[in-house]
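# Summary of the model geometry
Read off the chains here:
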Amino acid sequence: DILEDAIIVDDLSEAVADSVLVVGATRRKRHNVPFMNPKQAADEILDSSRSGPVSVLFGREDKGLTNEELKCCQIHVSIPSSQEHPSLNLSQAVMVMAYELFIRVMPEMDSRLDLAPAGEIAGMYDHLLESLTTLGMKQWNEGDNYMKSLRRVFSRTKMEKRDVATIHKLCGEIDKYAVRVRAELKRNRKDE
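Residues numbered from 1 in each chain as written. Predicted model: local features only at pLDDT ≥ 70, side-chain atom pairs only at ≥ 80, totals over all residues. Heavy atoms only, no water.

With that settled, consider helix α8 (residues 161-191). The first and last C-alpha atoms of α8 sit 45 Å apart over 31 residues, in line with the 45 Å expected at 1.5 Å per residue. Those residues of α8 not exposed but buried are Val164, Ile167, Cys171, Ile174 and Ala178. The inward-facing, buried residues of α8 contact α6 (118-135) and α7 (146-155). (Helix = DSSP H or I, 4+ residues; strand = E, 2+ residues; numbered from the N terminus. Expected span 1.5 Å × (residues − 1). Buried < 20%, exposed > 50% of the residue type's maximum accessible area, 1.4 Å probe, protein only. Contact = heavy atoms within 4.5 Å.)

Attention now moves to the packing of α6 against α8. A packed helix pair is summarised by two numbers, namely the angle formed by the two axes and the spacing between the axes. Where α6 meets α8, the closest approach of the two axes is 9 Å, and the angle between their N-to-C directions is 20 degrees. Taken together, the axes of α6 and α8 lie roughly parallel to each other. Helix-helix and strand crossings are classified by hand; for α6 and α8 the assignment is left-handed. Here α6 contributes Glu120, Ile121, Gly123, Met124, His127, Leu128, Ser131, Thr134 and Leu135 to the contact with α8, which in turn contributes Lys161, Val164, Ile167, His168, Cys171, Gly172, Ile174, Asp175, Tyr177, Ala178 and Arg182. Residues belonging to the contact of α6 with α8 are distributed by class as follows: 10 nonpolar, 6 polar and 4 charged. (Axes fitted to C-alpha atoms, helices over the stretch in contact; angles between N-to-C directions. Parallel < 35°, antiparallel > 145°, perpendicular 65-115°, else oblique. Left-handed = near helix turned anticlockwise from the far one by under 90°. Nonpolar A, V, L, I, M, F, W, Y, C, P; charged D, E, K, R; others polar.)

Looking now at the confidence of the model for the chain. Residues with a pLDDT of 70 or more make up 94% of the chain, whose mean pLDDT is 88. The spread of mean pLDDT over the elements of the chain runs between α7, the lowest at 86, and strand β3 (residues 54-57), the highest at 96. (pLDDT = per-residue confidence, 0-100.)

Okay, the environment of Thr157 next. Here Thr157 shows up in the loop between α7 and α8. We classify Thr157 as partly exposed; its relative accessible area is 44%. The spatial distance from the C-alpha of Thr157 to the C-alpha of Ala118 is 13 Å, given a sequence separation of 39 residues.

To continue, consider the side chain of Ser55. With respect to the helices, strands and loops of the structure, Ser55 is situated in strand β3. Classification of Ser55 as buried rests on a relative accessible area of 13%. Of note is the side chain of Ser55, whose polar atom sits 2.6 Å from the side chain of Ser19. Those residues in contact with Ser55 that sit more than four places away from it in its chain are Val16, Ser19, Leu21, Val22 and Val23. (Polar contact = N/O pair within 3.5 Å; in protein donor to acceptor, adjacent residues only side chain to side chain.)

Dropping the structure here:
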């Protein structure tokens, strides 16, 4: 449907005639034209799109945009890449720019963390201590103990509510296991 609805024109100036901003994707820097990375260009594109259509030009696979085509652009955008292989193919360049625009237009798609509050994390540590003590773990190193080590490990990450729930679930399984083993040991002693 995109190809069927595509508008074909005779020249570039006709294609961008109603655009309030024309952005050209190129790896070659030109003087007197703002040069941006994809994130910066996406911000400019979205800001300008409030006033009217914006065009983003991508060049041919073999040669990119010509100097004449780049003269039509108010902004040049370059996607950072390897020095050994600085050019991207057309689909890669389009994908990078489309992604940068998409994540700005769809902020709810952003991967925001559902961080656990300090009280929930403290409760998790209490449950973890109880469960490990039930298993028979003892403190070591004259005051330093496994809980300090575990707190240090968990503090290296942002604990989400689901992470805290997972630790509680794990502790619950430890607790059930300890009760079951104690009951079996008690039965075995009676049988002897």
